[in-house]
Amino acid sequence: MRWHWLFGDQLGPHFLDPGDDGPSRDARVVMIESRAVFRRRRFHRAKAHLVLSAMRHRAAELGDHVHYVRAETYGEGLRGLPGRDPFTVHHPTSHAAAAFVRGLDRVRVLPARGFLIPRESFRAWVDLRGGRELRQEDFYHWTRRELNLLMDGDAPAGGRWNHDHANREPPPRGCATLGAPRPYRPREDAIDEEVRADLDRWQREDGIEFVGRDGPRLFPASRREALAALRRFVDKRLADFGPYEDAVLAADPVMSHSLLSSSLNLGLLDPLEVVEEAERAWRDGRAPVNSVEGFVRQIAGWREYVWQLYWHFGDGYRDSNALGHREPLPRWFAELDADAVTARCLATALAQVRDTGWTHHIPRLMVLGSHALQRGWDPREVTDWFHRCFVDGYDWVMLPNVVGMSQYADGGRMTTKPYTSGGAYIHRMSDLCGGCAYRPGDRTGPRACPYTTGYWSFVHRHRDVLAANPRTARAVYGLDRLTDLREVLRGERGRGDLPP
Ligand code: FAD
C-alpha cells in the first residue's frame with residue numbers, strides 16, 4: 001500500500017493533487033497528531049485549538065481515505081503504519097521537520113507546496129544578483145513578473161509598482177472604528193468541542209501547559225471556512241485594505257486586514273488563488289489598485305520573501321544576535337499579563353494577543369517587537385514567544401520576521417534598518433496615546449512615554465551601529481542634541497523589567 005503523509009500545515013486540496021510532483025493518485029493519507037509538539041513549547045491555547053481542529057476537520061473530510069494517528073511523536077506515529085512500503089511527503093516547512101524527514105529510510109520527499117516560487121527559482125534569482133544585497137522590493141517586482149501577477153504586459157498594472165504613498169494613512173480622526181464590514185467568523189462544531197475537551201484533559205492529567213485564552217474559535221479550520229473568509233474579504237473588505245493598513249485603532253483591532261494568515265499557513269488556502277482573487281477584484285472594478293497592490297505585496301512580496309529567506313539563511317540564522325541583546329523576557333510579557341501594563345498601546349496589543357492569538361502587523365512590529373528591541377531582550381526568546389503566542393506563527397515565518405525584521409538581530413541581512421520608534425510614531429498612526437497615562441512627547445518625568453525613552457536609550461546603546469548606517473545616522477544626530485539625555489537614561493534604568 002502507498003502512503004502519503006500530510007503535516008498539520010498541509011491541509012488544503014493542493015497538497016493531495018498528483019500534478020507533476022505530487023503524491024500518487026492511489027496513495028492513502030496518513031496524518032499524525034503529535035502530543036510532544038505541545039509538550040515541548042507552551043503554545044497559546046487558541047493556537048493549539050486551531051491547529052488540532054483544522055487537522056481533525058481535514059481528517060473528517062478525507063474519511064476512510066485517511067489513517068489518523070494520535071501518538072506521542074511523529075516517529076511513533078510512522079512506526080505504527082502497516083507495511084514497509086515507502087511513503088511520500090511534501091517538503092515540510094521547518095528545518096527541524098526537514099531534518100527529521102531526511103533521516104527516515106522509507107520516504108520520498110516531494111517539493112514544497114503552498115508558496116508561489118520554487119526554491120530553485122529563488123536561488124537562480126539570488127545568483128542573478130551576483131552578490132548584491134537581497135531586497136524585498138526587488139524580489140517582489142521579480143515575483144510579479146515571473147507570475148504575470150497584476151501586470152499589464154511588461155508594466156505594473158495601474159502604472160506603478162508601489163502604492164505605499166496612498167497606503168500609509170493615519171487612522172481617520174475622531175473615528176473609533178474604520179467602519180469596514182465585519183470579517184468572516186466561523187461557527188464552532190462538534191470537532192471544536194472534542195478538541196476543547198482534549199486540551200482540558202491534557203492540561204489536567206498530562207501537565208501540558210498553555211498561555212492565553214481559548215475563546216470562541218475566530219479563524220477558519222476547514223477549506224470551506226477558509227474559502228468563505230477569502231470571499232468575504234475580497235468582496236467586502238479588500239477595497240479599503242490599502243489606505244489604513246498601517247493604522248491602529250484600539251476598538252477596531254482588525255480594521256481592513258484579511259485575517260487570512262492562519263489559513264494560508266495551515267495550507268487551507270493556496271497563495272496563488274488568494275492573489276488571483278484580489279487581482280480579479282481590481283480588473284472587475286470592485287477594488288482600487290492601491291488596495292489590491294498593497295494586499296498582493298503582503299503575500300507575493302512579504303510572505304513569499306520571508307519563506308525563501310528562511311531557507312536561504314539556513315538554520316543558524318536563529319542564533320543571530322548582532323546587537324548582543326541578552327535580557328530575559330519578563331514574566332508579565334511571557335504570561336501575556338496585559339492588565340499589569342500601564343502604557344495603553346502595549347496593554348492593548350498584549351490583550352489582543354492574550355485574547356485572540358492575533359494582532360495586525362503594526363502592533364507586532366512597532367509595539368510588541370519594538371518594546372522588546374528597546375529593552376534588549378534576547379532575540380531567541382522573543383522569536384520563541386511570537387512563535388508560541390500567534391495563531392499564524394510557524395518557524396519559517398517567525399525567524400525572518402522576528403530575528404530579522406523586528407529585532408535586527410541579523411545586523412541588516414533582511415532589512416536596511418532597525419524598526420523602532422518613539423511614542424510620536426505610535427501617536428501619529430493610532431488612537432492609542434489618547435487616554436494613556438504617558439505622553440508621547442515626554443522624555444522625562446512621571447508621564448515620560450516608555451517608547452520615547454526606550455527609543456533614545458536604544459539609540460544611545462547602539463550609537464556606533466546606527467551612526468554607520470545612512471538610514472539611521474540622523475537618529476544619532478538627534479541623540480547628540482538632547483539636553484536631558486542623562487535624565488532620560490536614569491528614568492529608563494529605574495524602570496527595570498517592570499511593566500511600563
Ligand atoms: P494582512 O494584513 O491582511 O496581510 C495579508 C497576508 O499577507 C497575511 O495573511 C500574510 O499571509 C501575508 N503577510 C504579510 N506580511 C507578512 C510577513 N511579514 N510575513 C509573512 N506573511 C506576511 N505572519 C504570519 O503569517 N505568521 C507569523 O507568525 C507572523 N509573525 C510576525 C511577527 C512580526 C514581528 C511581524 C512584524 C510580522 C509577522 N507576521 C507574521 C506578518 C504579519 O504581521 C501577519 O501576516 C499579519 O498580521 C496577519 O494578519 P492578516 O492575515 O490579517 O494580514
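Residues numbered from 1 in each chain as written. Predicted model: local features only at pLDDT ≥ 70, side-chain atom pairs only at ≥ 80, totals over all residues. Heavy atoms only, no water.

### Some words on the nonpolar core
- Membership of the largest hydrophobic core comes to 111 residues, with the highest contact counts inside it found for L238, L368 and W385.
- In terms of residues, this core owes the most to one element, helix α11 (residues 289–313), which gives 12 residues.
- Sequence-distant contacts of L238, defined by excluding residues within four places in its chain, comprise F233, A278, A281, A287, S291, V292 and F295.
- Counting residues in each nonpolar core, the second largest holds 15 residues, with Y408, V459, L466 and L489 among its members. (Core = buried A, V, L, I, M, F, W, Y, C linked by side-chain atoms within 4.5 Å. Buried < 20%, exposed > 50% of the residue type's maximum accessible area, 1.4 Å probe, protein only. Helix = DSSP H or I, 4+ residues; strand = E, 2+ residues; numbered from the N terminus. Contact = heavy atoms within 4.5 Å.)

### Let's talk about the packing of helix α5 (residues 119–128) against α11
- Packing of α5 against α11 leaves a shortest axis separation of 11 Å and a crossing angle of 75°. Of the possible angle classes, the one that applies to α5 and α11 is roughly perpendicular. Contacts between α5 and α11 involve R119, F122 and V126 from the former and W307, Q308, L309, W311 and H312 from the latter.
- Its residues placed into classes, the contact of α5 with α11 shows 5 nonpolar, 2 polar and 1 charged. (Axes fitted to C-alpha atoms, helices over the stretch in contact; angles between N-to-C directions. Parallel < 35°, antiparallel > 145°, perpendicular 65-115°, else oblique. Nonpolar A, V, L, I, M, F, W, Y, C, P; charged D, E, K, R; others polar.)

### Observations concerning the site of the ligand
- Lining the immediate surroundings of the ligand are 27 residues, of which H257, S258, L259, N265 and M398 lie closest.
- At 3.2 Å from a nitrogen atom of the ligand is found a side-chain nitrogen or oxygen belonging to Q298.
- Within the complex, 99% of the 800 Å² of free accessible area of the ligand lies under protein.
- Elements supplying a minimum of two residues to the shell around the ligand: α9 (261–265), α11, α14 (361–375) and α16 (395–406).
- When residues in the shell around the ligand are grouped by element, the largest group, 6 residues, is from α11.
- For the shell around the ligand, the residue count by class is 13 nonpolar, 11 polar and 3 charged.
- Three or more residues apiece are contributed to the shell around the ligand by two domains, here domain 2 (119–187 + 221–313) and domain 3 (317–490). (Near = heavy atom within 4 Å. Polar contact = N/O pair within 3.5 Å; in protein donor to acceptor, adjacent residues only side chain to side chain. Areas by Shrake-Rupley, 256 points an atom, 1.4 Å probe, with all protein chains shown as cover. Domains from an automatic or database assignment.)

### Side note on helix α2 (residues 45–62)
- Taking 1.5 Å of rise per residue, 18 residues should cover 26 Å, and α2 covers 26 Å from first to last C-alpha, within 8% of that figure.
- Across the 18 residues that make up α2, a large majority, 16, are buried. (Expected span 1.5 Å × (residues − 1).)

### Focus on helix α7 (residues 190–206)
- Here α7 is 17 residues long and its end C-alpha atoms lie 23 Å apart, about the 24 Å a rise of 1.5 Å per residue gives.
- Considered for burial, the residues of α7 that qualify are I191, D192, V195, D198, L199 and W202. Relative to the axis of α7, the buried residues are bounded by an arc of 120° and lie together on one face. More than 90 degrees from the buried face of α7, the exposed residues found are A190, E193, R204 and E205.
- On its buried face, α7 is in contact with β2 (28–34), α1 (35–40), α2 and β3 (66–71).
- Among the residues of α7, the N-terminal cap falls to D189, whose side-chain oxygen and the backbone nitrogen of I191 are separated by 3.0 Å.
- Just past α7, the residue G207 takes up positive phi, approximately 70°. (Arc of directions from axis to C-beta.)

### Remarks on the pairing of strand β5 (residues 107–110)
- In the sheet, strand β4 (residues 87–90) pairs with β5 via 4 bridges, with the strands oriented parallel. Following the sheet pairing, F87 is matched in β5 by V107.
- As for the winding sense of the linkage, the β-α-β connection from β4 through helix α4 (residues 95–102) to β5 is right-handed. (Pairing = 2+ DSSP bridges. Right-handed = clockwise from strand over helix to strand, strands pointing away.)

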